[in-house]
Amino acid sequence: MVLFALGFVLGAFCLQQMPVLPDLTWSLSILPFVFIHVFLRKAQFKFISLFQVQLLLLIALMCGFFWSAAFATYRLADALPVNWQNKPIELVGVVSSVPVMTEQGLRFNFSVEQVLTKEVAVPKHLSLNVYRKRTQQPQVNETAEFSELDAGQRWQLVVRLKRPHSVQNPHGFDFESWSLAENIRATGSIKGKPTLLDEFVWRPQYIVERIRQLVKQRIADVLTNQPYNGVIQALVMGDDSQISVKDWQLFLRTGITHLMSIRYLLKH
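Residues numbered from 1 in each chain as written. Predicted model: local features only at pLDDT ≥ 70, side-chain atom pairs only at ≥ 80, totals over all residues. Heavy atoms only, no water.

1. Points about the overall build of the protein chain
- Summing up its helical and strand segments, the protein chain has 8 helices and 6 strands in all.
- Looking at the protein chain as a whole, 36% of its 268 residues qualify as buried.
- The long-range fraction of contacts in the protein chain, counting pairs at least 24 apart against all pairs at least 6 apart in sequence, stands at 68%.
- If you sum the accessible surface of the protein chain, you get close to 17100 Å²; carbon and sulfur atoms cover 62% of it. (Helix = DSSP H or I, 4+ residues; strand = E, 2+ residues; numbered from the N terminus. Buried < 20%, exposed > 50% of the residue type's maximum accessible area, 1.4 Å probe, protein only. Contact = heavy atoms within 4.5 Å. Areas by Shrake-Rupley, 256 points an atom, 1.4 Å probe, with all protein chains shown as cover.)

2. Quick look at unusual backbone geometry
- Residue Glu 119 is not a glycine yet carries a positive backbone phi of 60°.
- Within the secondary structure layout, Glu 119 lies in the loop between strand S3 (105-115) and strand S4 (125-131).
- What makes Glu 119 exposed here is its relative accessible area of 80%.
- In this model, Asn 225 sits at a positive phi of 65°, which is unusual for a non-glycine residue.
- Residue class for Asn 225 comes out exposed when judged on its relative accessible area of 73%.

3. Re the pairing of strand S1 (residues 88-95)
- Among the 8 residues of S1, 6 are classified as buried, and the element is accordingly described as predominantly covered.
- Examined bridge by bridge, S1 and strand S5 (residues 154-162) share 7 bridges and lie antiparallel to one another. In the strand pairing of S5, Gly 93 is matched with Trp 155.
- In the sheet, S1 pairs with S3 via 5 bridges, with the strands oriented antiparallel. Across the sheet, the residue bridging to Val 92 is Gln 114, located in S3. (Pairing = 2+ DSSP bridges.)

4. Concerning the pairing of S3
- With 2 bridges connecting them, strand S2 (residues 100-101) and S3 associate as antiparallel partners. By the bridge assignment, Met 101 is partnered in S3 with Leu 106.
- Hairpin remark: S2 followed by S3, antiparallel, with 3 residues in the connecting loop.

5. Some remarks on helix H6 (residues 229-237)
- Within H6, burial applies to Asn 229, Gly 230, Val 231, Gln 233, Ala 234 and Met 237.
- After H6 finishes, the residue Gly 238 shows a positive phi value of roughly 75°.

6. Describing the nonpolar core
- Residues Ile 89, Leu 91, Phe 110, Leu 126 and Leu 128 are the most contacted members of the largest nonpolar core, which totals 22 residues.
- Those elements that place two or more of their residues in this core are S1, S3, S4, S5 and strand S6 (186-198).
- With near-sequence residues (within four places) excluded, Ile 89 lies in contact with Leu 80, Trp 84, Val 115, Thr 117, Val 120, Val 122, Leu 157, Val 158, Val 159 and Leu 161. (Core = buried A, V, L, I, M, F, W, Y, C linked by side-chain atoms within 4.5 Å.)

7. What to know about the pattern of salt bridges
- Evaluated as defined, the whole model comprises 4 salt bridges.
- Between Arg 154 and Asp 198 there is a salt bridge, with the nearest N and O atoms lying 2.5 Å from each other. In this pair, Arg 154 is assigned in strand S5 and Asp 198 in strand S6, connecting sequence segments 44 residues apart.
- In this structure Arg 154 comes out as buried when scored by relative accessible area, which is 19%.
- Residue class for Asp 198 comes out partly exposed when judged on its relative accessible area of 31%.
- The closest approach of N and O atoms between Glu 209 and Arg 212, which form a salt bridge, is 3.2 Å. Of the two residues, Glu 209 and Arg 212 both sit in helix H5 (residues 204-222), 3 residues apart, roughly one turn of that helix. (Salt bridge = Lys/Arg side-chain N within 4 Å of Asp/Glu carboxyl O.)

Remember that the coordinates give geometry; whether it matters functionally is a separate question.
Spelled out as structure tokens, the structure:
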């Protein structure tokens, strides 16, 4: 079993080195090797035991390779059509993550349940922003304008979307790869005033996110105006959006930036 697991991981690694995804019809090539392995195992020929081990490793490698290819093909197929980028699209869906305050406003993940705009295919998982008006001053605490959005709520809203893309600067953050790993297949912003349809959708994922939001809000209320408010939220909730630039510079000088990164990875 350990040998099969190692071969499976090696196959997935080999797929990641490919410049393009292979045709999944090639996955049928694994069947003859499986039949041979089953035949040899039932025959119990002692003198070919080493060959059986090698054959099992090959089968595991092919399983890992084509499983990864199938998963990547499925994930990439859920994409926003190019001709629908930056066009108004009306959706119904659920806030699927704890909303995070940013310098520009509010950011959250959104799970699409229904597309009301005709003849358009929209990815199931989005990252949306509600931008703060230019007349407003950025604040750490949520304002009344942004406090209406809670994890687990079902909304009807109009958005403008675009495909995730990265900058071409060398050694920069690969946002496109990160979005693919997080299953975020489009990003965008809300236009106009959304309509709340249901206060809460009772599903395990949304229950967990609502609890996380309540814990986060409790920390923010108890530590209001405390300089370490954002640090505590990052350590407890894995949300580093409230850490100030001054604190990040301090973490960089003292070599403890990785602690915040580890908390973020644990959250995911």
